Amino acid sequence: MTIGTRLPASRHHAKAATLLLLLAALAPTAAPVFAQTSPRQPAPRNAIVYFHYPLDGLRVPERFTVRIGLKEMGVAPAGIDKPGTGHHHLLIDTDPGPPDQPIPSDYNNIHLGNGQTEVVVTLPKGTHTLQLLLGDHTHTPHQPPVMSQKITVYVR
Amino acid sequence: MRGLRLHLIVGVTAVFAATASIGFAQERARPRSPAPAGAKLTFVDLQNNARIASKTTIRFAVSGMEIAPAGTVRRNAGHHHLLIDTELPPLGQPIPSDFNHLHFGGGQSEAEILLSPGRHTLQLLFADHDHVPHDPPVISEKIIVEVMAAPEEKPRTAAAPNAKVFFPGLQDGAVIPPRSLVRFGQENIAIAPAGTRQDNAGHHHLLVDTELPPLDREIPSDFNHLHFGRGQTETELTLPPGEHTLQLLFADHEHVPHDPPVMSQKIRVRVQAASVTAPAAAAPPPARAASGRTPAPNDASVYFIYPRDGTRIFATSTIRFGLRNMGVAPAGVVRPNTGHHHLLVDVATPPLDVAIPSDLNHIHLGNGQTERKITLPPGEHTLQLILGDDQHVPHDPPIMSERITIYVGAPAKRRPRR
């Protein structure tokens, strides 16, 4: 899976548009929950989501693969309601929103809705922050949220 | 062909090197880490003017210093670099990373390299966490090796005498469309991915319009010799109209045919021009592959993030799995391009057309886990990953890793590398 993120180059627009379409398709399932803020899925206390790659402070090329590790929980595609599972979200240059709301879908909040555990991202040169956040079948963070540290990478 | 490719690569890198050196001249010199006076780099069991096979494992030794992975700042430590057919790079700069300058930033002390026939130079250069050579530089002597022209004869793996491979549903003299699905069958022999050594097992090779290659060495890899190293049992073949021959040849983990060789009859097929059979060929792809198993993307793969092949681990360790170009879903969930992991400990690859067994050696990660903490007794163990679909049946093509060997406990004597 390849995602062009906040890139001026026009060839990435097509990709981004497909991504938006995909996410739009997922939105209806998320909407009712958004309205009534249903109880959040519990997560084990010792559950941890973390980066295999890159690590904090690393210099990375413009196009690189983010590899995601998950401890004490399982991965399930979006829409699959199974206790102790969730799917990954990669937050780029942004802070997590309120934990009782579904994670937004935009260029800064990349949903790995098919249960992916790695994703290829393309970022412009410079300093960027990355953070991982697990969401349940409705894209809402667990209780407590399973979230990685926010790391900084230098794209050269 | 390999020789030609390597020459091309060398040519291209020479151009790169030229441009890179201009870049280096402008870049400021990096601070160099000091090295003790007695530090020495040597090749292990490799003399100057040695004659070696084209695919050889080169071992390195360092004395007076320690090995530390790239990025780890430690006094009197560094990691190896192997320079092939090249002069020393500028010593005040990071060593370039290309086909002529191989980095072993993981702290490796051996490497398998592939050289074209002819004479080559090899030299080792130690460098610090930043890939910058030490001061004074820690260098081995530059040695010349000669690579023999013929590919090396390889030991052949035994196969059951009644093992056979065949084309299910494709007879000699058949008429097929230009683009058709060719399936491979095998009996009394198991499928294992290339690189995984297992008795009476191997992977398919499809020979198109060619004679049998020599049976005591690696099957060539080109348009006439198609490798199915991931254990595939079918392929979509596109052939120009006319008469063609097809033959299956099974081969072991190193692509060397078995003893006795396991091969099909050479069949003749006639490919008909597209217009006649087009409506039939354009049928929508079935939801399940011809084998009845769940289809998987061709570029998907599963691999070990930790541990790596040949490494020593603690008795209780967390095994971490990576999955490329597919997603993870718990068992029972039907979703295209997803599956769940199975960790196989000390067992052979199971049959690929039925559900993966569930016992102490076949660990199911049915809740979609991507890592697992296991405890192993001291000694040598093998690990392998296989993805299973909602019913625990491997996909088609199977998404499985190489079977890796790991060691638990105190270091034992070095085992001969196989």
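About the cut-offs
Residues numbered from 1 in each chain as written. Chains lettered and ligands numbered in written order. Predicted model: local features only at pLDDT ≥ 70, side-chain atom pairs only at ≥ 80, totals over all residues. Helix = DSSP H or I, 4+ residues; strand = E, 2+ residues; numbered from the N terminus. Buried ≥ 20, exposed ≤ 12 C-beta atoms within 10 Å, placed from the backbone. Contact = placed C-beta atoms within 7 Å. pLDDT = per-residue confidence, 0-100. Pairing = 2+ DSSP bridges. Nonpolar A, V, L, I, M, F, W, Y, C, P; charged D, E, K, R; others polar. Axes fitted to C-alpha atoms, helices over the stretch in contact; angles between N-to-C directions. Core = buried A, V, L, I, M, F, W, Y, C linked by C-beta atoms within 7 Å.

A. How the structure looks around the overall build of chain B. Each helix and strand counted, chain B has two helices and 28 strands in total. Going through the 418 residues of chain B one by one, you find that 30% of them count as buried. Counted over contacts in chain B with a minimum sequence separation of 6, partners at least 24 positions apart contribute 70%.

B. Here's a closer look at the confidence of the model for chain A. Residue and element names in this part refer to chain A. On average, residues of chain A score 81 in pLDDT, and 76% of them reach the 70 mark or higher. When pLDDT is averaged over each element of chain A, strand S9 (residues 126-135) comes out on top at 96 and helix H1 (residues 11-36) at the bottom at 42. Note on residues 4-36: pLDDT is under 50 here. Beyond four places in sequence and across chains, it has 33 contacts.

C. The pairing of strand S27 (residues 379-388) of chain B, seen in detail. Residue and element names in this part refer to chain B. Pairing of strand S24 (residues 338-345) with S27, which is carried by six bridges, proceeds in the antiparallel orientation. Across the sheet, Leu 343 pairs through a bridge with Leu 385, a residue of S27. Alignment of S27 against strand S28 (residues 404-408), held across five bridges, turns out to be antiparallel. Considered in S28, the bridge of Thr 382 is made with Thr 405.

D. Region of interest: the interface of chain B and chain A. In this assembly, 18 residues from chain B lie in contact with 18 residues from chain A. Elements with a contribution of two residues or more to the side of chain B that touches chain A: strand S22 (316-324) and strand S23 (327-328) of chain B. By residue number, the principal contributor to the side of chain B that touches chain A is S22(B), which donates four residues. Split into classes, the residues belonging to the side of chain B that touches chain A amount to six nonpolar, eight polar and four charged.

E. Layout of the sheet that holds strand S3 (residues 55-63) of chain B. Residue and element names in this part refer to chain B. Strand order in the open sheet made by the three strands is S1-S3-S7, with antiparallel pairing throughout. Among the strands making up the open sheet, the edge pair consists of strand S1 (40-44) and strand S7 (110-114). Taken over all neighbouring pairs, the strand axes of this sheet differ in orientation by 30° on average, direction set aside.

F. Inspection of the sheet that holds strand S26 (residues 371-375) of chain B at higher detail. All names here are of chain B. As summarised here, the arrangement of the three strands in space is S20-S22-S26, forming an open sheet in which the pairing is antiparallel. Edge strands, defined here as strands with exactly one partner in the open sheet, are strand S20 (301-306) and S26. Pairwise comparison of adjacent strand axes, ignoring direction, gives a mean angle of 30° for this sheet. Bridge count between S20 and S22: five bridges; the pairing is antiparallel.

G. Summary view of the nonpolar core. Within the largest apolar cluster, 46 residues are counted, with the highest numbers of intra-cluster contacts made by Leu90(A), Val302(B) and Leu385(B). Secondary structure elements with two or more residues in this core: strand S2 (48-53), strand S4 (63-71), strand S6 (85-92) and S9 of chain A together with S20, S22, S24 and S27 of chain B. Formed by 20 residues, the second largest nonpolar core is a distinct cluster that contains Leu41(B), Phe43(B), Ile95(B) and Leu122(B).

H. How the structure looks around the pairing of S6(A). Residues and elements named next belong to chain A. Most of S6 sits out of view: eight of its eight residues are buried. In this sheet, strand S7 (residues 109-111) lies alongside S6 in antiparallel orientation, the contact comprising three bridges. Bridging across to S7, His 89 finds its partner in His 111.

I. How the structure looks around the environment of Pro133(B). Residue and element names in this part refer to chain B. Residue placement: Pro 133 occurs in the loop between strand S8 (118-127) and strand S9 (143-147). Taking the C-beta count within 10 Å as the criterion, Pro 133 has 26 such neighbours and is therefore assigned buried. Considered as a pair, Pro 133 and His 81 are 52 residues apart in the sequence and their alpha carbons are 9.7 Å apart. Dropping the residues within four chain positions of it, Pro 133 is found in contact with Arg 32, Leu 91, Ile 95, Leu 125, Phe 126 and Ala 127.

J. Focus on the confidence of the model for chain B. Residue and element names in this part refer to chain B. In this model, chain B carries an average pLDDT of 83, and 86% of its residues clear a pLDDT of 70 or more. Considering each helix and strand of chain B separately, the mean pLDDT is smallest for helix H1 (residues 2-26), with a value of 43, and largest for S24, with 95. Predicted complex metrics record ipTM = 0.73 and pTM = 0.53.

K. Quick look at the environment of Ile48(A). Residue and element names in this part refer to chain A. Inspection of the secondary structure puts Ile 48 in strand S2. Look at Ile 48 and you get partly exposed, because 15 C-beta atoms sit within 10 Å. Remark: the alpha-carbon pair of Ile 48 and Ser 148, spanning 100 residues in sequence, is separated by 7.0 Å. Discounting residues that sit within four places of it in the chain, Ile 48 has contacts with Lys 71 and Glu 72.

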